[in-house]
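# Observations on the model geometry
Here's the letter readout for the chains.
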Amino acid sequence: MDQPNAIREPVPDRASTRRDPEEESVHRALERFYRAGKPPWDTGVTPPELVALVEGHGALPPGRALELGCGTGTNALYLAQNGWEVAAVDLIDRAVDQAKQKAAAAGAAVRLLHGDATRLDELDVPGPFDLFFDLSCYCGVPLHRRDAYAAGLTRRAAPGARLLMFGYGPEPLGNPVTEVASWAAGVTADELRARFAGWELLDVTPGTNAMPTFWFTLRRDAQQRY
Ligand SMILES: C[S@@+](CC[C@H](N)C(=O)[O-])C[C@H]1O[C@@H](n2cnc3c(N)ncnc32)[C@H](O)[C@@H]1O
């Protein structure tokens, strides 16, 4: 069996030939985190904000969900185990491999895809989706790729679809990977309002981290046809 941290060449994804230098630097930095072992964000704990949306008062009825930047699959598995039909994508093949192993071990049916959340047309994820979940994927996407991210979700959103996103605010962040310029950009409510046309920003709740973080909830207009 493939060991999660065994040394092997990364598998190129279809987007790899089109990545520009800034995207390459993001890719390299992310890959380093996964190669080094367990990245700091890989806690294996589903955040209470997602649990509330799925199980809390006024929970969404299960439908189709797409996770952007699924890492090793903790939250994609959680959604599948709570009745959602789930597809999930991550840029780093090693993360997707681990997610597949976890899904197999749990007997969870999740479509786990190696690819780029800003190039969803290259993946077999036609939608429509009722829920998109993003735990600090978008806030690390280079600014010039964010319109493509928003367009990809908008094209795949069912009327009234939700997007639950966690992101870092724009500031130094104690960013340990200073050569990745785009990671200092973070994400703001104003940016999301401007970029996600046809969506309403329903809620912004500060995170509990030492640095500024936010949970954003957006809803796709109910009248829009996917
Ligand atoms: C902070 S991690 C969170 C991972 C996972 N959701 C979790 O909770 O453990 C963000 C993830 O987004 C992925 N990512 C970053 N940019 C991406 C992109 N353009 N397309 C797909 N995944 C991306 C990273 O590889 C990383 O696994």
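Rules used in this analysis
- In every chain, residue numbers begin from 1 and rise along the written sequence.
- Where local features are concerned, this predicted model is filtered to residues with pLDDT of at least 70; where side-chain atom pairs are given and counted, the filter is 80 or more; whole-chain, interface and lining totals use all residues.
- Numbering goes from the N terminus for both helices and strands, where a helix is a DSSP run of H or I of at least four residues and a strand is a run of E of at least two.
- The burial label depends on the number of other C-beta atoms within 10 Å of a residue's C-beta. Counts of 20 or more mean buried, 12 or fewer mean exposed, and intermediate counts mean partly exposed, with C-beta atoms placed from the backbone.
- Strands are labelled as partners when DSSP assigns at least two bridges between them.
- Where helices are involved, their axes are fitted lines through C-alpha atoms of the stretch in contact, as for all axes, and angles between N-to-C directions lie from 0 to 180°.
- Here, residues touch in the contact sense if the C-beta positions derived from the backbone fall within 7 Å of one another.

The protein has the name Methyltransferase domain-containing protein in an unreviewed UniProt entry, where Streptomyces xanthii is given as its organism.

## Things to note about the environment of R155
Looking at where R155 falls in the secondary structure, it is placed in helix α5 (residues 146–156). Of the residues examined, R155 has 13 C-beta atoms within 10 Å and is grouped as partly exposed. Each C-alpha atom, one on R155 and one on F129, is 9.6 Å from the other, the two residues being 26 residues apart in sequence.

## Overview of the pairing of strand β2 (residues 85–90)
Counting buried positions along β2 gives five out of six residues, so the element sits mostly inside the fold. Pairing of strand β1 (residues 64–68) with β2, which is carried by five bridges, proceeds in the parallel orientation. Across the sheet, the residue bridging to L68 is V89, located in β2. Bridging between β2 and strand β3 (residues 110–114) involves five bridges; their strand directions are parallel.

## Topic: the sheet that holds strand β6 (residues 199–206)
Either a parallel or an antiparallel arrangement is found when strands of a sheet pair, and the pairing is made through backbone hydrogen bonds. Spatially, the seven strands line up as an open sheet ordered β3-β2-β1-β4-β5-β7-β6, and their pairing is mixed. Each edge of the sheet is formed by a strand with only one pairing partner; in this case those strands are β3 and β6. The mean angle between the axes of side-by-side strands here comes to 15 degrees, regardless of whether they run parallel or antiparallel. Note: β1 against strand β4 (residues 129–135), four bridges, orientation parallel. Along β4, the bridge assignment pairs A65 with L131. Its contacts with the sheet place helix α4 (residues 93–106) against β2 and β3, and it is angled at close to 165 degrees to β3.

## Quick look at the pairing of β6
With seven bridges joining them, β6 and strand β7 (residues 213–220) adopt antiparallel strand pairing. Bridging from a neighbouring strand, T205 pairs with W215 of β7.

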